[in-house]
Amino acid sequence: MNSLIRSTAKCLRTGAAVYLPRQTDGRVWSASARFLCAAADVPKDLGEMVKKDKVVVFMKGTPAQPMCGFSNAVVQILRMHGVDDYAAYNVLEDSELREGVKAFSNWPTIPQVYFSGEFVGGCDILLQMHQNGDLVEELKKLGISSALLKAEEESK
């Protein structure tokens, strides 16, 4: 029991958390976000981390409060497509994670986006995919129907 309390205290003290939105009636409420402690339970094996969810984002801040413009852009692009169920890791709270993910992907910048364990890219790549329609197709491969596609079909 004491180890659980120590792990929780360490998590709260460092602020190391993973953001996972909670859905109610199909809507996402950012105020009732769930956080998982990165310091206590997140596996250090990045290969495992990127495969845990269909969409994984390593970013500065959280989806509810991005701490850089590029991370905010990734959150907004995903939100436009109706992708709200994804794991987001705040690299500002864990320098080991921040440097580790850069080495893991061989990509020097944050944010970094993964689909089903595969590195997609950063903000610029996701924006390009959004603009040329590739993001809709990639989401479809994940079993995620883009909200933009739904809106386009409804307008016809």
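Everything discussed here concerns the structure shown above.
Here is a short report on the structure shown in this document. (Residues numbered from 1 in each chain as written. Predicted model: local features only at pLDDT ≥ 70, side-chain atom pairs only at ≥ 80, totals over all residues. Heavy atoms only, no water.)

**Overview of the overall build of the protein chain**
Working step 1: What the protein chain contains, in helices and strands, is 7 helices and 8 strands.
Working step 2: Buried positions account for 39% of the 156 residues belonging to the protein chain.
Working step 3: Taking the intrachain contacts of the protein chain between residues at least 6 apart in sequence as the baseline, contacts between residues at least 24 apart amount to 58%.
Working step 4: Accessible area of the protein chain: about 9,000 Å², with a carbon and sulfur share of 51%. (Helix = DSSP H or I, 4+ residues; strand = E, 2+ residues; numbered from the N terminus. Buried < 20%, exposed > 50% of the residue type's maximum accessible area, 1.4 Å probe, protein only. Contact = heavy atoms within 4.5 Å. Areas by Shrake-Rupley, 256 points an atom, 1.4 Å probe, with all protein chains shown as cover.)

**Looking at helix H6 (residues 134–141)**
Working step 1: Buried within H6 are the following residues: Leu135, Val136 and Leu139. On an axial view of H6, the arc spanned by its buried residues comes to 105 degrees, and they lie on one face.
Working step 2: Positive backbone phi, approximately 85 degrees, marks glycine 143, located one or two places after H6. (Arc of directions from axis to C-beta.)

**Some words on the pairing of strand S7 (residues 112–115)**
Working step 1: Side-chain alternation along S7 places Gln112 and Tyr114 on one buried face and Val113 and Phe115 on a second face that is also buried.
Working step 2: In this structure, strand S3 (residues 55–59) lies alongside S7, joined through 4 bridges in antiparallel fashion. Following the sheet pairing, valine 55 is matched in S7 by phenylalanine 115.
Working step 3: In this sheet, strand S8 (residues 118–121) lies alongside S7 in antiparallel orientation, the contact comprising 3 bridges. (Pairing = 2+ DSSP bridges.)

**Focus on the packing of helix H5 (residues 123–132) against H6**
Working step 1: Interaxial distance between H5 and H6 falls to 5 Å at its minimum, and their mutual angle equals 100 degrees. By the angle class used here, H5 and H6 are roughly perpendicular. For the pair H5 and H6, contact is made by Leu126, Met129, His130 and Asn132 and by Asp134, Leu135 and Glu138, respectively.
Working step 2: For the contact of H5 with H6, a count of residues per class yields 3 nonpolar, 2 polar and 2 charged. (Axes fitted to C-alpha atoms, helices over the stretch in contact; angles between N-to-C directions. Parallel < 35°, antiparallel > 145°, perpendicular 65-115°, else oblique. Nonpolar A, V, L, I, M, F, W, Y, C, P; charged D, E, K, R; others polar.)

**With respect to helix H3 (residues 69–80)**
Working step 1: When the terminal C-alpha atoms of H3 are compared, their 16 Å separation across 12 residues agrees well with the 16 Å that a helix rising 1.5 Å per residue should span.
Working step 2: Along H3, the residues that are buried comprise Ser71, Val74, Val75, Ile77 and Leu78. What you see down the axis of H3 is that its buried residues fit within an arc of 160 degrees, all on one side.
Working step 3: Remark: glycine 82 follows H3 within two positions and exhibits a positive phi of approximately 80 degrees. (Expected span 1.5 Å × (residues − 1).)

**Structural notes on the pattern of salt bridges**
Working step 1: Overall, the coordinates contain 3 salt bridges when judged by the stated rule.
Working step 2: Here lysine 140 ties to glutamate 137 by a salt bridge, and the two come within 3.8 Å at their closest N and O atoms. Of this pair, lysine 140 and glutamate 137 both sit in helix H6, separated by 3 residues, roughly a single helical turn.
Working step 3: Judged by relative accessible area, which is 41%, glutamate 137 ranks as partly exposed.
Working step 4: The shortest N-O distance in the salt bridge between lysine 141 and glutamate 138 comes to 3.0 Å. Here lysine 141 and its partner glutamate 138 are both found in helix H6, 3 residues apart, which amounts to about one turn of the helix.
Working step 5: Residue classification places lysine 141 among the exposed positions, given a relative accessible area of 64%.
Working step 6: A relative accessible area of 27% places glutamate 138 in the partly exposed class. (Salt bridge = Lys/Arg side-chain N within 4 Å of Asp/Glu carboxyl O.)

**A short note on the side chain of asparagine 90**
Working step 1: Its location among the elements puts asparagine 90 in strand S6 (residues 87–90).
Working step 2: A distance of 3.0 Å separates a polar atom in the side chain of asparagine 90 from the backbone nitrogen of glycine 61.
Working step 3: Here leucine 92 takes part through its backbone nitrogen, which lies 3.0 Å from a polar atom of the side chain of asparagine 90. (Polar contact = N/O pair within 3.5 Å; in protein donor to acceptor, adjacent residues only side chain to side chain.)

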